[in-house]
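# Structural overview
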Amino acid sequence: MRSVWALAAMAALSVLTASTAAPAGEPKQGGILRMYHRDSPANASILEGATYSINVPFMGVFNNLLIYDQHIAQNSPDTLRPDLAESWSWSSDNKKLTFKLRQGVKWHDGKPFTSADVKCSFDLLMGKSQQKLRQNPRKAWYSEVNEVTTNGEFEVSFDLKRPQPSLLAMLASGYTPVYPCHVSPADMRTHPIGTGPFKFVEFKANESIKLTRNPDYWKKGRPYLDGIEYTIITNRSTAILAFVAGKFDMTFPTHITIPLLKDIKAQAPNATCVVEPTNVSTNIIVNSTSAPFDNIDIRRAMALALDRKAFIDILFEGQGDIGGTMLPPPQGIWGMPKEKLATIPGYGPDVNANREEARKLMQKAGYGPDKHLAVKVSTRNLAEYRDPAVILIDQLKSIYIDGELDVVETANWFPKVARKDYMLGLNLTGNSVDDPDQSFYENYSCGSERNYTNYCNKEIEKLFDLQSQETDLAKRRPLVWDIDKKLQEDVARPIIFHARAGTCWHPYVKGVTIMSNSSYNGFRYEDVWLDK
């Protein structure tokens, strides 16, 4: 049974109507779901991934201990469901979380799933095992876990340093699959073995990814599909034309801009299309420990120069959201209210006044009309990154900064920014669950691999811990707002906007749900079927 204490941690949450295609009639077995993929992932290992380019094709290979309901658009504690765990419970002091595991589950290679696999997975994530992940972007999620212990083959416990109700949310993320003990991290990059509804067949870099139905899946009758095939097409316009022509059954999730959505509806009027927030913020990253961006005046000037509304009007025809680190309401549970957001420098409506203040800061730092700051603006080679980067470069001209676009391929982007091999960047930060612990610790704690800007504020980290332990939603939410406001004032990672994006599928595709507050958690596809 789900813990009453865990649910009480966010008690008053509402569940919005799911963006779901209503199934017509009884589900049918068979058929291959054909989708395009927006780019070629660096590898197939979700635990090492920092992009949902890995989650989308490979989430269906795995199971988690628990998972968010795949039919409800807004993730919340009320939508947590058992997966490899049949039940879970907290100790009386809320520092031990115990899972009773499902029996009779087999890995795709036929070996039995046991509690040892859970311990191996989380020892790997916590850096405690002999084998190591090449990249470990979410190690900070488990900083409050002392150890993971087993009690027989079908019980496992997480022993915590202090109460952390959000641990359940992070365990339900699409980024938290359970890996097998007997397969090395290196092999998981090239041939992942899971317990999920689909088995890995092949991954041809820059060409395709193929999965096939797992006939021995522990959830009887699932999946309905015989397989899923992804064709890698990096040009979005080309991919959309292929979808309209019927080559693909579904677009890459949350990949369609508002203008392109209109084109799809004009050319394929019967297609089902939904637009949802993605819980992905577009933001500026700066290497704050290297000159000239070790000067906070320059960082503040950049934040003041932003015309956020212009970004949203140009890229989304007004259908985007302005906010801080956390996803803005109503889809976001933790986002700052507008009146609090408006008190942060640079968020006010008078762009000209903000930029005048920005120019004064740049002049204080030694720049001006006769001395511009030349800098490369690095970004990932995807339209979602390139397009706002171009707008950013244009806006920075107003404060004596001359930017040159530096485009980096996906396989190199995350390693590059993780080792701080850049000066200024335009980044997209996806929050894999709508929860402050995930966002704060992963992106802003001093030692996190995903802290790309070298921002480090020990006093703020104490506040991270304070909000993390709070079990009363009414008390926790203002703590989160204050932290988020402080992060923006510190110019830790200036948030430009939160995107909304579209997903389309042809009318014969049934059972699809697009998550409204985290696009990272809805790609299991075990309940999707084709009515044709």
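Quick note: structure is the one above.
No experiment lies behind these values; they were computed from the predicted model shown. (Residues numbered from 1 in each chain as written. Predicted model: local features only at pLDDT ≥ 70, side-chain atom pairs only at ≥ 80, totals over all residues. Heavy atoms only, no water.)

Moving on to unusual backbone geometry. Negative phi values dominate among residues other than glycine, just as trans dominates among peptide bonds. The residue after arginine 222, namely proline 223, is reached through a cis peptide bond having omega -5 degrees. For proline 223, the location among the structural elements is in the loop between strand 10 (208-213) and strand 11 (227-232). Positive phi values are uncommon outside glycine, yet tyrosine 400 reaches one of about 70 degrees. By secondary structure assignment, the location of tyrosine 400 is in the loop between helix 12 (383-396) and strand 14 (401-408). Overall, tyrosine 400 belongs to the buried group, its relative accessible area being 11%. (Helix = DSSP H or I, 4+ residues; strand = E, 2+ residues; numbered from the N terminus. Buried < 20%, exposed > 50% of the residue type's maximum accessible area, 1.4 Å probe, protein only.)

If you trace the backbone, arginine 236 turns up in helix 6 (residues 236-244). With relative accessibility at 10%, the residue arginine 236 sits in the buried group. In contact with arginine 236, other than residues within four places in its own chain, are His255, Thr257, Leu260, Ala383, Glu384 and Asp387. (Contact = heavy atoms within 4.5 Å.)

Within the secondary structure layout, serine 157 lies in strand 8 (residues 155-160). With relative accessibility at 5%, the residue serine 157 sits in the buried group. Setting aside chain neighbours within four positions, we find serine 157 in contact with Lys96, Leu97, Thr98, Glu147, Val148 and Thr149.

Another point: the pairing of strand 16 (residues 495-505). Counting buried positions along strand 16 gives 11 out of 11 residues, so the element sits mostly inside the fold. Examined bridge by bridge, strand 12 (residues 272-286) and strand 16 share 9 bridges and lie antiparallel to one another. In the sheet register, proline 277 faces strand 16, and the bridge partner there is arginine 500. (Pairing = 2+ DSSP bridges.)

Attention shifts here to helix 3 (residues 115-125). Of all 11 residues that make up helix 3, 8 are buried, and the element is covered over most of its length. Those residues of helix 3 lying buried are Ser115, Asp117, Val118, Ser121, Phe122, Asp123, Leu124 and Leu125. Within two residues after helix 3, glycine 127 carries a phi angle of roughly 75 degrees, on the positive side.

The next subject is the layout of surface pockets. Quantified by volume, the largest pocket comes out at close to 490 Å³. Of all the secondary-structure elements, those providing two or more residues to the lining of the largest pocket are helix 9 (308-316) and helix 10 (338-341). For the lining of the largest pocket, a count of residues per class yields 12 nonpolar, 6 polar and 5 charged. Empty space within the second largest pocket amounts to approximately 420 Å³. Residue assignment for the lining of the second largest pocket shows that the elements contributing at least two residues are strand 12, helix 9, helix 12, strand 15 (424-430) and strand 16. The greatest single-element share of the lining of the second largest pocket, amounting to 5 residues, is contributed by helix 12. Class assignment for the residues of the lining of the second largest pocket results in 17 nonpolar, 8 polar and 7 charged. (1 Å grid on protein atoms, 1.4 Å probe; cavity = no way out; pocket = protein on both sides within 12 Å on 5 of 7 lines; lining within 4 Å. Points joined across faces, edges and corners; volume = space filled by probe spheres on them. Nonpolar A, V, L, I, M, F, W, Y, C, P; charged D, E, K, R; others polar.)

Another aspect to go through is the packing of helix 14 (residues 436-444) against helix 15 (residues 458-469). It is the contact of helix 14 with helix 15, at a shortest axis distance of 10 Å, that shows an interaxial angle of 160 degrees. Comparing their axes, helix 15 and helix 14 come out roughly antiparallel. Along this stretch, helix 14 crosses helix 15, giving a crossing that reads as left-handed. Along the contact surface, helix 14 presents Pro436, Asp437, Phe440, Tyr441 and Tyr444, while helix 15 presents Phe464, Asp465, Gln467 and Ser468. Considered class by class, the residues forming the contact of helix 14 with helix 15 number 5 nonpolar, 2 polar and 2 charged. (Axes fitted to C-alpha atoms, helices over the stretch in contact; angles between N-to-C directions. Parallel < 35°, antiparallel > 145°, perpendicular 65-115°, else oblique. Left-handed = near helix turned anticlockwise from the far one by under 90°.)

Function cannot be inferred from these measures alone, as they are strictly geometric.
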